[in-house]
Amino acid sequence: MSEDKHILSILVDNQPGVLSRIAGLFSGRGYNIESLCVAETIDPAVSRITMVTMGHAQIIEQIKKQLFKLINVIKVHDLTTEKSIQRELILIKVYAKSEHRAEILRIVDIFRAKIVDVGPDHYTIEVTGTEDKLDAIITLLKPMGIKNIARSGRIALLRDSKQ
Amino acid sequence: MELTGAQILMRAFKEEGVDTIFGYPGGAVLDFYDELSRTDFKHILVRHEQGAVHAADGYARASGKVGVCLVTSGPGATNTVTGIASANMDSIPLVIVTGQVPSPLIGNDAFQEVDIVGITRPCTKHNYLVKNVKDLARIVKEAFYIARSGRPGPVLIDIPKDVTKSKAVYSVPDTIVLKSYNPTYEPNLKQLQKVVKLIRKSRKPIIFAGGGVILSKASDSLIEFSRRTKIPVTASLMGLGAFPGTDPLWLGMPGMHGTFRANMSIGEADLMIAAGVRFDDRVTGKVEEFAKHAEIVHIDIDPTSIHKNIPVSVPVVGDCRKTFAHLNRLLDKVDLGDLDQIREPWLEKIRKWKETTPLKYTQGELIKPQFVVEKLYELTKGEAIITTEVGQNQMWAAQYYHFDKPNHFITSGGLGCMGFGLPAAIGAQVACPSKTVIDIAGDGSIQMNSQEFATAVQFNLPVKIAILNNGFLGMVRQWQELFYKKNYSWTNMSFAPDFVKLAEAYGALGLRAVRSDEVEPVIREALATPRPVIMDFRVEQEENVYPMVPAGAAITNMILV
């Protein structure tokens, strides 16, 4: 059976300890977390956890059921099987030698990214997009020398307005 | 009027119908204990907090109510963990209240501080740290609701000492509504139609009942369903008693130490209706071979149990009692044909399996442990509540005591926790004062919580302990004999206290049987004694539990006697 990536959008009670229940469920049952993103929703009593996980169909089914079984979990959506918008934000600190600066600016422009900080020998670039787009810009910037990267992990919402 | 946290807890217990608390005092719960002395709760003072949880577990299983524990912070709390994990695996409703250091000290590594909410997160159904006394009454009500509803389980409430002292008005909502927790009780009727269809088509059906049938009090509707459809029944260790062990349709327990006919029936069945089970590896053996010719219907209130270990044709999420009641109603409307004729070849085959390969042992002058269990069964007319420790004693109890009624067999099934039987017997005896309660024990297991014998004597709980004393950690020795070339590494426990003198030291009665003709008189005397008794049966040392399915093999691949 093939292992697929799934994006789960989990609505939980915004209470201390809830994230640890979820993380504990994953470590205790040997599931993977690839990325994780947590923040309050419009309702301050509810948080949204967006999680990317891997597994074959039966494991993903178990993960969803086990998550839903937690008392503090309100809803679990598998955004892989539903239409959704997904984004990730990334900050890239790239070496900016004078001979590379024009090239970096061109890449930033093409990817509709932004330079948010400039140092004597580096630029910090902010870019959002899908995973593919972010991987592409990283590949292009690599030859100039990437100092550091911070990725936000994926966030996602259903296209459907019901939610 | 404002009440202190301690008073709120007592009042909340009262409102939940609590009558008994199993506990052990300590620094962080001094205020609770102070208040407790002014209430009329029955408090059973155990000798170790693990005993408190097992006793509450035994109490819950015998009574069908929620078991309640009260212990202090730090070591008091950590000592409960094994008991909580056992209750969690077996879905037993408990509420465990632990004291905690005062809120301002939390996180400072204070004296007797431990993050018990963190520690028990994976082994409770849910847990709470109460930060504000205003939330206490609601949290207790929620905890009881969560513990007893849906698939039951243990819920822990950690209460800092300052919360027990501070005051608030007692206020709880009338009903608990949790937007994130709504167990499904009513089964989907369309799924049940499919079940009936499968029954009509099937020529080799079996029912596989588990602990969920007992927890949901579905035994009567299961019996009606089985008799009306003439489908034979097997039950997991946790399900023993859900179906009468003396019924002609009874197959015995399946799995690693299951009966020949139960395992063979599973191997040949074309339909398995599984209810309130979770397909533990001790039942399934090699998963790919398990019931491989059968369409499987799986009824369970917990969706995570379904499709977890075994692929299922017809999943039914719902309460077992409601589901069997619906099925029985559906049966009114269908013609199942001449069942006597349709089932005869299948039932005949099962009868043959039973005749040719029954559970058996040979009794000589030395006492066989199976013989002791059979005698206990005979002399209590099958009406005792039996608790067990874990290992050979547990399997022989399951095989040779034929349970006719639910809530009479109390054992640590999922966790398999030695030291369970004695405190569980104490809890069961508290719940059912007029019943005979017997802990079928091994000489190893009994030493894990034998301190609770003091509790039994102090509270005049006339539990009977039948030690099948073989001088070994018998089940581990059996594995070493069969799979490790008889290398009995550290399973010889020939040093043990004199159990008769131990009983006497506690002020109870101790009896011993060395020859098989001494077994019956010892049991008779024990049953006639209205006090706690330890019976020390010196049994054949290297007797094995058979049949046995080697770990990971198909369950039809049994080692027979």
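Residues numbered from 1 in each chain as written. Chains lettered and ligands numbered in written order. Predicted model: local features only at pLDDT ≥ 70, side-chain atom pairs only at ≥ 80, totals over all residues. Heavy atoms only, no water.

(A) Inspection of the sheet that holds strand 15 (residues 385-388) of chain B at higher detail. Residue and element names in this part refer to chain B. Judged by pairing direction, the sheet is parallel, and its six strands sit side by side in the order 16-15-17-18-20-19 without closing on themselves. Looking at strand neighbours, the two that pair on one side only are strand 16 (409-410) and strand 19 (509-513), the edges of this open sheet. Summarising the sheet, strand 19 and strand 20 (residues 533-538) pair through five bridges and their orientation is parallel. Residue pairing in the sheet places Arg512 in a bridge with Asp536 of strand 20. Each of strand 17 (437-442), strand 18 (464-469) and strand 20 touches helix 16 (residues 369-379); the most contacted strand, strand 18, lies at about 160° to it. The strands that helix 18 (residues 421-431) touches are strand 15, strand 16, strand 17 and strand 18; relative to strand 17, the one it contacts most, it runs at about 175°. (Pairing = 2+ DSSP bridges. Helix = DSSP H or I, 4+ residues; strand = E, 2+ residues; numbered from the N terminus. Contact = heavy atoms within 4.5 Å. Axes fitted to C-alpha atoms, helices over the stretch in contact; angles between N-to-C directions.)

(B) Highlighting the packing of aromatic side chains. Residues and elements named next belong to chain B. If you walk through the whole model with that rule in mind, you get 17 aromatic pairs over all chains. Plain terms: the ring middles of Phe225 and Phe324 are 5.3 Å apart, the flat faces sit at 50° to each other, and that makes the pair tilted. Taken as a pair, Phe225 in helix 11 (residues 219-229) and Phe324 in helix 14 (residues 320-332) lie far apart in primary sequence, 99 residues in all. Here Phe225 matches Phe324 in class, with each residue buried. One aromatic cluster in this structure is built from Tyr377, Tyr401, Phe403 and Phe409. Over the aromatic face of Tyr170 sits the side chain of Arg11, whose NZ or CZ is 4.0 Å from the ring centroid. Directly above the ring of Phe472 sits Arg477, whose terminal nitrogen or CZ lies 5.6 Å from the centroid. (Phe/Tyr/Trp six-rings, centres within 6.5 Å; stacked < 30°, edge-to-face > 60°. Buried < 20%, exposed > 50% of the residue type's maximum accessible area, 1.4 Å probe, protein only. Lys NZ or Arg CZ within 6 Å of the ring centre and 35° of its normal.)

(C) A look at the interface of chain A and chain B. If you look at the interface, chain A gives 17 residues, while chain B gives 17 residues. In total, chain A and chain B occlude about 1400 Å² of area from one another, counting both sides; carbon and sulfur atoms represent 49% of this. Among the residues chain A hides against chain B, the three largest losses belong to A:Arg21, A:Lys65 and A:Ile71. Together they make up 46% of the total. On the surface where chain A and chain B come into contact, there are one salt bridge. Close ionic contact of A:Lys69 with B:Asp302 constitutes a salt bridge, the shortest N to O distance being 2.8 Å. (Buried area = accessible area lost by both parts, 1.4 Å probe. Salt bridge = Lys/Arg side-chain N within 4 Å of Asp/Glu carboxyl O.)

(D) Molecular detail of the sheet that holds strand 4 (residues 73-78) of chain A. Residues and elements named next belong to chain A. Strand order in the open sheet made by the four strands is 2-3-1-4, with antiparallel pairing throughout. Of all strands in the sheet, those bounded by a partner on one side alone are strand 2 (35-40) and strand 4. Across this sheet, the average inter-strand angle for adjacent strands is 20°, counted without regard to direction. Summarising the sheet, strand 1 (residues 4-13) and strand 3 (residues 46-55) pair through 10 bridges and their orientation is antiparallel. Residue pairing across strands places Val12 opposite Ser47, the latter belonging to strand 3. Sitting on the sheet, helix 2 (residues 57-69) touches strand 1, strand 3 and strand 4, and the angle it makes with strand 4 is about 160°.

(E) Fine view of the domain arrangement of chain B. Residue and element names in this part refer to chain B. Split into domains, chain B comes out as domain 1 (2-169), domain 2 (189-356) and domain 3 (369-538). Spacing between the C-alpha centres of domain 1 and domain 2 amounts to 37 Å. Contact residues are listed per partner, giving 10 residues for domain 1 and seven residues for domain 2. Across the domain 1 to domain 2 interface the summed buried area is about 650 Å²; carbon plus sulfur atoms make up 60%. Contact with domain 2 buries surface across domain 1, with Met89, Asp90 and Arg151 losing the most and accounting together for 58% of the total. Linking domain 1 to domain 2 there are one salt bridge. A salt bridge links Asp302 to Arg151; its shortest N-O distance comes to 2.7 Å. At the junction of domain 1 with domain 2, the criterion picks out two residue pairs in polar contact (both at pLDDT 80 or more). (Domains from an automatic or database assignment. Polar contact = N/O pair within 3.5 Å; in protein donor to acceptor, adjacent residues only side chain to side chain.)

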